[in-house]
Each structure stands twice: as structure tokens, then as C-alpha cells.
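Commentary on secondary and tertiary structure
The lines below spell out each chain.
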Amino acid sequence: MIGSTLITVGRSLGVTLKQIFRGTVTEQYPEYKRPVYPRFRGRHRLNLHENGLEKCVGCSLCAAACPVDCIRVVAAENSADNRVSAGERYARIYEINLSRCIFCGYCELACPFDAITLGNDYELSEYSRSDLIYTKEMLLADPIKRTPVADAALYDTPTPYYRTDS
Amino acid sequence: MSAPELVGGSAADRERIAHELVTVTIDGRQVQVPKGTGLVEAAAAAGVEIPVFCYEPRVGAGIGACRMCLVEIEGMPKLQTGCTTPVTDGMVVHTAGTSEQAAAGQSATMEFLLLNHPLDCPVCDKGGECALQDLSFRYGSGKTRMTFRKRSLEKPIPISPTIALDRERCIMCFRCTRFSQEVAQDEELSAVNRGALSMIATFEDEPYRGPFSGNVTELCPVGALTSTQYRFKARPWEYEQAASVCGLCPVGCNVAVQSREGRVQRVLSRNHPEVDRGWLCDKGRFSYSHLYSEERILTPRRRGVRELEELGWEQALDELEGMIERAQGEVVLALSGSETLELAYALAKIVRQGAGSDRVVLPEQAADALDPFRVPISALAEAEEIVVFEECPVLDRAPLIELWLKQARRNGAHVTRIGPSGDIQRGRGEAALACQELAEKESALGKRLRAAERAILLWSGGGGAGGCHLAALAHALGLHEKEGSGALLLPASPNARGVAEAWAAAGDENRQPRQIGLLVVSGDEAASEPQVRQLAEHARATVALTLFAGDSGEWADLVLPATGYLERSGTMRNLEGRLQRLRGATGSPARRELSWLAELAGRLGVDLPGSEAALFTELSAKVLDGISLASLGDRAPLPPRVEAQTFEAARAESPPTLLGGPLELIRYRALFSGPEVEHVPELSFQRPAAEVEISPEDADRRGISGGNEVVVRSNGTRVTLRARINAALLPGMVRVAAEHCAELARGVEVSRP
Ligand code: SF4
Ligand code: SF4
Ligand code: SF4
Ligand code: SF4
Ligand code: FES
């Protein structure tokens, strides 16, 4: 009885001793950021055409595709003196509630104009929930490049064309 | 299967045909359908879908324009269009589901339809509810062989301030032109050019001006005709929908009110086949934006030293309570007839039970005299003889009835109009006399009416003693004994009958105050009535419940914000006597009337529930034979006819003699007028022009020709208007829209300035 207990204790001590001589695996986040997988889905971006017009035409297809209903689009009509997008209509209001978003990427798939794409940033904490509602201006702004991305060549799954520029 | 619609032919023909059944086989399924049924309906009865674009039985028989409905029929060498082929006995049909030839034909059609189609679904308002999207998704190839540039045209073209046309998207199904030419018969839309260059256009690019134009935006299967008000407002999957009833005229068209983010975005038809058959007038369709007019008042206002000043609800109710107390039972309630039964009942209860007064100003006289002659509006389409006592144009009072009259005429009915500009010209106030003449045995028209199997009488105008004159005639003609015959009164206000009932339900005493201590005016229509305005001058205090402070703001001591009919829940009684439910589409930016009325009732010690449903139950127990709200359903049934009684008809009197001038002024409320329309900028092009209509004789005598500027005068009031010669108008009469009448009296003189 006592013998078997001693053997068990001895075995577990052995495990502990073995681990003492192994190297550390702790990563010093946030000082060190591990590169994310190239197709990692993080905070969204709204994209512009080269001529500066918004790609988004306010069609609400992304909102329709979103499984958690966290996108709100209110469209309006472009006019000669207020041309925002290339088509007849544009998104007057475009909001994503990132506290509800599950980063599924359906919005990106639904968009007929590659206007909304998911970037790589995942550091989205805020002190207030309402700050997690990203407005059009925030989504249009250049992403704060904080997240390193792993080299796509290391992986055999292709990155979609609309994600390669992120 | 619902009864298939048979188009064309006389009513008798259709009846005979409907009894013969034929057997057809569609995709291996056998069905028996009445002879003459179209192939599309027969297939639907067999549970097989034949896709269509241009086919729409409500605008007439199939024309085979789009070729989407191609099917193979055994024994016929080529593919046939299902929408133009009536079934015959023993016909064997293969649709695209079972026939390769038909499938190939259909997919070629689809490809042709998309040949020049821009496929700009993401910016297209129809996207999400588009027949072309749906059918290309299900029947299209999914791949395109078109590598060339598509046709591109100027777009969108505003064909009227309310409708935008995108010619690139048009698939040339001719639904809109057929509606314009065959249903509304306004001949405004037509197709110009030929072949690939054909397109829809209005005459010389003039705006599409017609009371029913908006229907084309709902008929168009693609996004070629869209509403400018709804432009880019919402997607079909984003709105909430309320199954309500239009509260702007006594027809009570069934509408679907669609709102997004708490705002009404559009009003569509909900097709009650007995009432509106899926059509709406432009007033009902486009007026909703009055709710968001800047001029709408949202808080109570009190007459201050110089102008109206805002105050809180608590204060307003204090003020109102004080007013009622000071009036000491001398309270008069003026109703518009646009209230729901529940609202009118709540107001009546406060006045009758809380303020201890029993005097009311009803919008017009209402009676149940016509109940034995009740018919659904749709019976007009089947009638053989229709007589309209038309002192006010039917179009202005109940626009949809005009559409049904057109349909009746197309179906072969005789429509006789009796009135100042009718087929039989009678002066104003002579309709009751005309009624008596028709009832006499030797009248030729009377004889025709007696001989007809289905005859309907309509009364459009005042002075009908709540329908009693018409009821006497209908009784004399025996219309209560014939199915499909009847008589209808077109009231001037949407719920005239309902508010009278509600008033009666709230008390049965008769305490008439000698003076007016407090005048309670409900609704903008009542506030703009000259008669109510006069009462207000005699009243010690006035309170008005209105959407806008335009009229009431001039004389009311307290103005309380009202809610609009699209925000209200409740019931209304339409001109047939059908009780229909309104369901509020959105909350109201102003406090709900019933909420503060209940609070006020509490202060006055009156027991008044604050919910529509509870009020209805109370009302129903008192005056509606205990019917339940649920029994009204989404498409309300017509109450059965009541037993006809013989009664002594009121004697028709000749109209009083004119004072003030030799010409009689007919002041009419035009269709596109009223508080709602006045606050919709898109509808201003439809509003009545500042014109006076005059007969050619009277114009000649005064040296006036069409387009001249003339002065209309009576008792010191002068109004300058443009003359329009109306050859159909009885000499001695002139017509002016109420909004251009100012204070003109009944007798006027017209002269060149
Ligand atoms: S990623 Fe998914 S959940 Fe997030 S906004 Fe897009 S569709 Fe919605
Ligand atoms: S982001 Fe794309 S899908 Fe969403 S509204 Fe804009 S264009 Fe449409
Ligand atoms: S009409 Fe239909 S198919 Fe054409 S662009 Fe509009 S939604 Fe798309
Ligand atoms: S505008 Fe619309 S309804 Fe008219 S023909 Fe073109 S597609 Fe048909
Ligand atoms: S539906 Fe038959 S041809 Fe258009």
C-alpha cells in the first residue's frame, strides 16, 4: 500500500524535475506580438477606390448576411456636389457593432464591391461598450498597423485577392 | 385553389363558362378547372409553377410580351406562352420542369431579358423583392456569355415628382402602360420606338399626372419604375410591416405600412379583393411623409401673449381640466370623421360623462338607412346599371370608386351620372329630387334600373339625409331583393359613420348647452371647416387636437398634438359599412391621445381604459353587437345586410335661393388636398390649381375665355383665379377648390378684372 503511494509520488516528482530543465514557452505579450495567420479575421475596414471614392454603395447586403445583425447601413443618393461613392447610392451611415461581431467574415463574402473586408487587428478592447460601435469614419481610416502577419508563403491555403493588400 | 380570374366578356358569359369543367394534364398531373381558365392558373391549381413577368390579370388578359411562360403543349409544333393560352379539354402540357424544349426556350428568354439589363441590383430599390432577380436565380444559367458593352441610357428619369424611371432596367413587360391605358385610363404612359430601342415614356416628357400613377411602381416587376420618396430608404428585408387601412378617404383601402428604424418608409397595397383589388390612389400611397413634416407639432401649445408657447403635458392637462371646469357643462365637441372609433369614443366619453355636456358637431349626417342595400364595392365591376348622384366628383371623395366605375364600364355596365357636370345635368341640391323622379314608374332610367339584374346606386355629395333619399329610391326599385344590387353613400370623411356610432355609444342623454363654454376640436379637417371656425369665435375657450397648428393655431387657446392615422391603432367603418382595423406602424413622436385622455378621464372621474382593445370591447358591447376584434381579421368581412323596412322618406326640398350673386359656387374638397397632402412637397404638383371652372355659356356672356384671369366676388370677398371652361358644367354654376375659395359665399359673380 505504502509502496505504491511512494511510486506515484516519485513519478510525479520526476515530471516536475523534467520540466525544470526545459526552456520557457511564455510569450511576452503585448511587448511581443506573435504573427497571425494570413487569413486571420479581425477588425473590419471599408475600402476606397483609387480615385478616393468609397467602394461601398450602401446596398445593405453585408447587413443581410450578418448572422448577428450587427451592421447598420442607411443609404442616401449621390448628387453632383456630394459624390461619395461611384454608384447612384452611398452609405450615409455605416456602423458595425464590434461587441456583437463574431468575425465570421460573411459580410466580406456578401459585399459585391469588396468594400468591406476584415483586417488582422484583434486588439479591440474598450472601457465602454458604446465605443465598440465603429462608425464609417473609423472603418474608413487607415488601420493602425499593430498586428504582424505571418508570411502567406508558409501556408498552402491561398489568401483571397481582396485580403492580400492588408 | 382560389377562383381563377376570368378576364373580358360580359358577366353572364363568364358565369356560364365558369360552370363547365375541363380536364388538363400538366407535367403529368391531372386537374379539372373551369373552361376558359388560363394555363398559368390551371398549372397553379395543379401545383406547378409557370414563371411570369408580364402576365398580371388585374391589368387585362395576357399579351405574351416577355415569353417567360413558354411551355410545350402536345400537338402544337412550337412552344406556347402559357399566359395567353386558355386550357381546353384534354390538353397535355409540359412545363420547363419536364420538357427539355420548354426549358431551353425559357433559359433563352432569360438570357435575352438580361441582354441589356444593367444588373445593378446593389443600388436598385427593387433588389430583394425583384421578380427578375428571383426568376434569374431560379431559372437563369448563372453564367453570362455577354462580353460586349450593354446599352446605357440616362437614368433615373423623374417621370413625375413621385416616380423615377430607369429605362436600362425595363424588361418591356407593358404592365405599366397597360395599367395606364386600361385600368386608370389616363393614357399617360406609353411605349415609344421599336425593337431593342423601345422604351417607356410619358407624352412629350410631361410629368405623369394622374390620381393613380403610383400603382405602376408596385406593378413593375423590376426596378424600372420606383418611388422617389422611397428611394434608397430601406431594403425589403429591413422593414417592419403593419397590416393597416388607409385613413384618408371612406374607401378604406387595405395597406401594408412598412417602416424602418421607427419611420414609415412606404405604403403598399395589401389587396382586399372586395375593396381595392390591390390598387391605391396616390394620396394614400404618398402622403405618409406628412408625419415627418417640420411643421408638425409634437408638444402641447397654449396661446401666450403674442403667439403660441410650448408647455409640458402635465401643465397642458391642468389647463384642459381647468377649461372643462370653467365651462360648467357647456362643452361642444367637433369631430372630423378621421378619428378611429376608439378615439372618437374616448373623446365622447370625456365630453358626455366627464364634462356633462351632450353637444357634438359631426362631420356629416350618418344613418343606417342604406344597410339593407349593402354591397361590396367590388360588386360595381359586375353591375349592369350604375347611377351616380354626383354632386361632388366621385374621384375627389372616394378615388378608388372611380377606378371601379371604369372597370364596370369596361365590363359593359351603363354608368349614368346625375349632377352639375353629369350625363343628366342637375343643379346642386337637386339630387334628392332626381332620386324621387327615378323612383317614379314612368322614368326611363328607373325602368332600366328595375329591369337590370344587378343595379347599384351611388350618392356622392351632401344633403342626402344620411342616405335616406337614396334608401327610399333603392327600396322603390327593390334593390334589397336582388343579389349584386345595392346602394352606397360616399361620405366626405373617412369614418363619418364610425364617429357617429362612437358618439352615440358614449351616452344617450340630450343636454344641449345654450352657450359654448369650451369647444373641443378634434382633427385638422374639423379645424379647417368654416363652420367650426365660426363656432370657435363664439366659444369662451377652444382646444384643438391637430397634427399641424396652421388652422387651429389661429384661434385655439390650447393646441394638443395629434397622432397620424398611420400611427394609430383602432377601427374605422368604411363606406360599405365594413369595420376594418388600423394597426399603428410606428410609435408616434407625439404622445398617444388615448394615453393622455385616460389620464384626463381619471382626473374627471370617468372610467376610460387606455388601450384600443379595451375601448373596442366596451364599444362593441354597446353598439357593435358584441363582435370581437379578432373576427375582423386582416381582410375584414362585410357585415350581412339587414332586413329592409318600409319607411317614410324625407321629402326632398328644392335648394334654397341664392344670395350674393347670380352664379352658384360649388366649393369642393379636391382629392389632393387636406392637411396630409399639404405637407407633402412631392404631391404639390397634383394639388388643385387656382382655377374657377365655368360653363361655356356663362363664360361667353361675360366675355371670358379659358385661361383668363377673373375675379370671383361675393359679399365683399374677392378672389382672383384663372378661368377654365368646363363644357360639361351646368350653366349657372362655377366650381372652385375649397382651398382657393377663401370666405366666398354660395352666390358669386365672376367677371374680368
Ligand atoms: S464578420 Fe460576421 S458577425 Fe462580424 S459584421 Fe461581418 S458578418 Fe457580421
Ligand atoms: S459594404 Fe458592401 S455589402 Fe455592405 S453596404 Fe457597402 S457595398 Fe453593400
Ligand atoms: S430590377 Fe431587379 S434584377 Fe434589375 S437591378 Fe433591380 S433588383 Fe436587380
Ligand atoms: S417600366 Fe416596368 S412595368 Fe413598365 S414595361 Fe418596363 S419593366 Fe414593365
Ligand atoms: S408571362 Fe407570358 S409572355 Fe410574359
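Computed from a prediction, not measured in an experiment: that's the story for all the values here.

1. Quick look at the sheet that holds strand β13 (residues 263-269) of chain B
Residues and elements named next belong to chain B.
- Read across the open sheet, the three strands follow the order β11-β12-β13; overall the sheet is antiparallel. Bordering the open sheet on either side are β11 (240-245) and β13, each of which pairs with just one other strand. The average angle at which neighbouring strand axes cross in this sheet is 30 degrees, direction not considered.
- Here β11 runs beside strand β12 (residues 254-260); their pairing, made up of six bridges, is antiparallel. Bridged to Ala242 within β12 is Val257.

2. Some thoughts on the interface of chain A and chain B
- On the chain B side, the residues contacting the twelve residues of chain A number seven residues.
- When contributions to the side of chain A that touches chain B are tallied by element, the ones reaching two or more residues are α2 (61-65) and β2 (71-77) of chain A.
- Broken down by element, the side of chain A that touches chain B gets its largest block of residues, three residues, from β2 of chain A.
- Residues of the side of chain A that touches chain B, tallied by class, amount to seven nonpolar, two polar and three charged.

3. A short note on the confidence of the model for chain B
All names here are of chain B.
- Summarising the model, chain B shows a mean pLDDT of 91, and 95% of its residues fall at 70 or more.
- Within the model, pLDDT remains below 50 along residues 1-8, and this stretch shows 15 contacts once partners closer than five positions in the same chain are excluded.
- Scored as a complex, the prediction yields pTM 0.91 and ipTM 0.85.

4. With respect to the site of ligand 3
- Around ligand 3, 13 residues are found, and the nearest of them are Cys121, Cys124, Cys130, Val222 and Gly223 of chain B.
- Grouping the constituent residues of the shell around ligand 3 by class yields six nonpolar, four polar and three charged.

5. Notes on the sheet that holds strand β16 (residues 331-334) of chain B
Residue and element names in this part refer to chain B.
- In spatial order, the strands read β15-β14-β25-β24-β23-β16-β17; together these seven strands make up an open sheet with mixed pairing. Edge positions in the sheet fall to β15 (308-310) and β17 (359-361), since each has one partner strand and no second. Strand after strand, the sheet turns through a mean of 20 degrees between neighbouring axes, direction not considered.
- Alignment of β16 against strand β23 (residues 518-522), held across four bridges, turns out to be parallel. Bridging from a neighbouring strand, Ala334 pairs with Val521 of β23.
- Those strands touched by helix α8 (residues 313-327) are β14 (301-303), β16, β23, β24 (542-546) and β25 (558-561), and its axis lies near 130 degrees from that of β25.

6. Focus on unusual backbone geometry
- Each neighbour pair has its own omega, and for Tyr29 of chain A with Pro30 of chain A the value is 5 degrees, a cis peptide bond.
- Assignment of secondary structure puts Pro30 of chain A in the loop between α1 (2-20) and β1 (44-46).
- In this structure, Pro156 of chain B follows Lys155 of chain B across a cis peptide bond, with omega equal to -10 degrees.
- Within the secondary structure layout, Pro156 of chain B lies in the loop between α4 (131-139) and β6 (157-160).
- Phi at Phe174 of chain B takes a positive value of approximately 60 degrees, unusual for a residue other than glycine.
- Turning to its location among the elements, Phe174 of chain B is positioned in the loop between β7 (163-165) and α5 (175-183).
- C-beta crowding within 10 Å serves as the criterion here: with 23 such atoms nearby, Phe174 of chain B is assigned to the buried category.
- Here the phi dihedral of Ala742 of chain B falls at roughly 50 degrees; this positive angle occurs in a residue that is not glycine.

7. What about α1 of chain A?
- Its 19 residues place the ends of α1 of chain A 27 Å apart at the C-alpha level, agreeing with the 27 Å of an ideal helix rising 1.5 Å per residue.
- The buried fraction of α1 of chain A is low, at zero of 19 residues.

8. Some thoughts on the domain arrangement of chain B
Residue and element names in this part refer to chain B.
- Split into domains, chain B comes out as domain 1 (11-114), domain 2 (151-292), domain 3 (301-363 + 496-574 + 587-627), domain 4 (371-490) and domain 5 (663-751).
- Relative placement of domain 4 and domain 5: their C-alpha centres are 27 Å apart.
- Contacts between domain 4 and domain 5 engage nine residues on the former and twelve residues on the latter.
- For the side of domain 4 that touches domain 5, a count of residues per class yields four nonpolar, three polar and two charged.

Criteria and thresholds
Sequence order as written defines the numbering, with residues in each chain counted from 1. Here the convention is simple: chains get letters from A, ligands get numbers from 1, in the order in which they are written. This being a predicted model, a pLDDT of at least 70 is required before a residue's local features are given, and a value of 80 or more before pairs of side-chain atoms are given or counted; all residues contribute to the totals for chains, interfaces and linings. Strand pairing is assigned whenever DSSP identifies at least 2 bridges connecting the two strands. Numbering of helices and strands starts at the N terminus; helices are DSSP runs of H or I of at least 4 residues and strands are runs of E of at least 2. Interaxial angle, 0 to 180 degrees, is taken between N-to-C directions of lines fitted to C-alpha atoms, where a helix line uses only the stretch in contact. C-beta atoms are first placed from the backbone for all residues, and any pair lying within 7 Å is then listed as a contact. We call Asp, Glu, Lys and Arg charged. Ala, Val, Leu, Ile, Met, Phe, Trp, Tyr, Cys and Pro are nonpolar, and the rest, Gly among them, are polar. You can read pLDDT as the predictor saying how much it trusts each residue, on a scale of 0 to 100. By definition, a residue lies near a molecule or strand when the C-beta atom built from its backbone is within 6 Å of it. Each residue is classed by its C-beta neighbour count within 10 Å, where at least 20 other C-beta atoms makes it buried, 12 or fewer makes it exposed, and intermediate counts make it partly exposed; the C-beta atoms are placed from backbone geometry. The span you would expect from a helix comes to 1.5 Å times its residue count less one. The split into domains, and so the bounds of each, comes from an automatic or database assignment of domains.

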